[in-house]
Amino acid sequence: MTLDPVHVDSIADLAAYLASRVDDTDHVDVASRIWENFLDPLYGPDGRAVLEPIGEQRLRAVDTEDVALASPPFETVHGLDSGTINPTTFKNGLVLDLAQAAMAAVPSDLDLHRHRSIVAATHVTDETAAIDEPWRKVDEGYCRWRVLQVPRVNRYAEGIVHALALYLAESSHALEHADEVADLLVLDGPLYPVELLNWRERDAELRALTEELKPRSIVENYIRLVESFVEREVPLCGFVKNPASKRIVGTLREGDAEFDVPWTDDAAFFTRLLERRESDGSSGSHGESTRGVEGRRTDELTFTNWFVSRGGVDATVAADGDAYGIERELDPKLYEKCFFAVYEPRTDVCYRVETPYAFARDAEIREAITRQILGDVAANRGPPEAVAKADELAKISAREKSSLRQKFAETLDTDEVKRYDDVRWGDVDQ
């Protein structure tokens, strides 16, 4: 115990001090005002529509128990995820991350679950080293692995090996098993590789990487994945468990809105907008309500209509974007990212669901994806079952991460570069 009672009391006083000076009572009204007046469409500073509703703009609610028990619109659902050991630096100068991707099916398909795609992304400072390896198959063909040597950089080596290993494993595994998906594929995460797309908005060194073949080829995998599913008329979507987009709140701050935008990201805005609280016959943004967990209504999932998003990194795959310099085989508009937000009140979490416009433009497909996701979230109090199963298959435990790093160190005849936090905390499962 590091806090004495006097310290606890002081922290309580600190909280009371903040509460007396931070007033969020008007945030519901601000959220409603934004919703009603600024999103149909939302224009950027250059007059370009960066957000636009598909169909009628409206807030919706559905009984949690009813939607959980309803018959799902898709007979089978597949989920895809990848997990890594996290970037590791060795004393010989090698920086490495290893990722494995897996696809899960609901109902279960044990043969499919056995398949893995494993990628080791490496950064070396020795210009004479060439350690790229093509795909090699093991485990009677159920598993394949390869080594990817990433472009040399002066900074960001750990972040780069992590992103390229993760996205190459995921996208390659998705393409390899795309034909096994008959009804719906749900990616664990965004529809496109956001981190790679973000490099274009960063400093010169990361921007230069976007011209390199290897990052571009990984982004191309996602473009081809969309094309594959559009051509087969099988929907796919991304389920974002921790949405961090700031496109709406950032655009509003850059614009001429005559009020402060109090939220740090779009998820916080949608949470405030969709949260419903007990009041005198009303809830949410329609009246006075109580604060805290006790005042929250948990009987219904709340969600928005679908939107087309063309702001921030989504501009890259917009109809007027350059798609990372990759040639698109379909109408460019069909690749545009579309999304809706869903709020799970029992856990107080807001999720984001994404799909390309090729599917979102069709009202029946749009509604089917919505009902499928709502039913899964209601039944599981969180991510869809297919996503949870894929996450479990792809996850590398803390013990396994430590063992794999040690194996690399022994085989490379070197040691891992340790930091104090590694010694203090060790590996902790996330």
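Scope of this entry: the structure provided in the associated data block. (Residues numbered from 1 in each chain as written. Predicted model: local features only at pLDDT ≥ 70, side-chain atom pairs only at ≥ 80, totals over all residues. Heavy atoms only, no water.)

### A short note on the side chain of Gln 372
Moving on, step 1. With respect to the helices, strands and loops of the structure, Gln 372 is situated in helix 12 (residues 363-380).
Moving on, step 2. In this structure Gln 372 comes out as buried when scored by relative accessible area, which is 5%.
Moving on, step 3. For Gln 372, the side chain forms a polar contact with the main-chain nitrogen of Phe 74, separated by 3.3 Å. (Helix = DSSP H or I, 4+ residues; strand = E, 2+ residues; numbered from the N terminus. Buried < 20%, exposed > 50% of the residue type's maximum accessible area, 1.4 Å probe, protein only. Polar contact = N/O pair within 3.5 Å; in protein donor to acceptor, adjacent residues only side chain to side chain.)

### Brief notes about a nonpolar patch on the surface
Moving on, step 1. A contiguous nonpolar patch, built from Leu 3, Val 8 and Ile 11 and spanning about 230 Å² of accessible area, is present on the exposed surface.
Moving on, step 2. In this structure, Val 8 sits in helix 1 (residues 5-21).
Moving on, step 3. Residue Val 8 is classed as partly exposed on the basis of its relative accessible area, which comes to 42%. (Patch = residues over 30% accessible without salt bridge, like charges linked within 9 Å, V, L, I, M, F, W, Y side chains within 5 Å. Areas by Shrake-Rupley, 256 points an atom, 1.4 Å probe, with all protein chains shown as cover. Salt bridge = Lys/Arg side-chain N within 4 Å of Asp/Glu carboxyl O.)

### Observations concerning the environment of Tyr 142
Moving on, step 1. By the secondary structure assignment, Tyr 142 is in the loop between strand 8 (133-138) and strand 9 (143-149).
Moving on, step 2. Exposure remark for Tyr 142: the relative accessible area of 17% places this residue in the buried category.
Moving on, step 3. The spatial distance from the C-alpha of Tyr 142 to the C-alpha of Arg 405 is 23 Å, given a sequence separation of 263 residues.
Moving on, step 4. Beyond its immediate chain neighbours, meaning those up to four positions away, Tyr 142 contacts Asp 111, Arg 114, His 115 and Arg 116.
Moving on, step 5. Engagement of the side chain of Tyr 142 in a polar contact is seen with the side chain of Asp 111, the distance being 2.5 Å. (Contact = heavy atoms within 4.5 Å.)

### Examining unusual backbone geometry
Moving on, step 1. With an omega dihedral of -10°, the bond running from Asp 40 to Pro 41 counts as a cis peptide bond.
Moving on, step 2. Tracing the backbone through its elements, the reader meets Pro 41 in the loop between helix 2 (27-37) and strand 1 (42-43).
Moving on, step 3. Of the consecutive residues Val 106 and Pro 107, the connecting peptide bond is found in the cis state with omega at 0°.
Moving on, step 4. One non-glycine residue, Tyr 156, lies in the positive phi region at around 65°.
Moving on, step 5. In this structure, Tyr 156 sits in the loop between strand 9 and helix 5 (157-176).
Moving on, step 6. The phi dihedral of Asp 348 falls on the positive side, at around 60°, and the residue is not glycine.
Moving on, step 7. Its location among the elements puts Asp 348 in the loop between strand 14 (337-344) and strand 15 (349-356).

### Digging into the packing of aromatic side chains
Moving on, step 1. This model, assessed by the stated rule, comprises nine aromatic pairs.
Moving on, step 2. When the centroid spacing of 5.8 Å and the interplanar angle of 80° are considered together, the rings of Trp 35 and Phe 307 count as edge-to-face. Residue Trp 35 is located in helix 2, and its partner Phe 307 is located in strand 13 (residues 307-309); the two are separated by 272 residues in the primary sequence. Neither residue differs from the other here; Trp 35 and Phe 307 are each classed as buried.
Moving on, step 3. On the numbers, 4.9 Å between centres and 35° between planes, the contact of Phe 239 with Tyr 351 is tilted. One end of the pair, Phe 239, is in strand 11 (residues 236-240); the other, Tyr 351, is in strand 15, with 112 residues separating them in the sequence. Taken individually, Phe 239 and Tyr 351 each receive the classification buried, so the pair is uniform in this respect.
Moving on, step 4. Ring pairs connect the aromatic residues Trp 35, Trp 263, Phe 269, Phe 270, Phe 307 and Phe 339, which therefore count as one cluster.
Moving on, step 5. Lys 333 extends its terminal NZ or CZ atom over the ring of Tyr 357, reaching a point 4.6 Å from the ring centre. (Phe/Tyr/Trp six-rings, centres within 6.5 Å; stacked < 30°, edge-to-face > 60°. Lys NZ or Arg CZ within 6 Å of the ring centre and 35° of its normal.)

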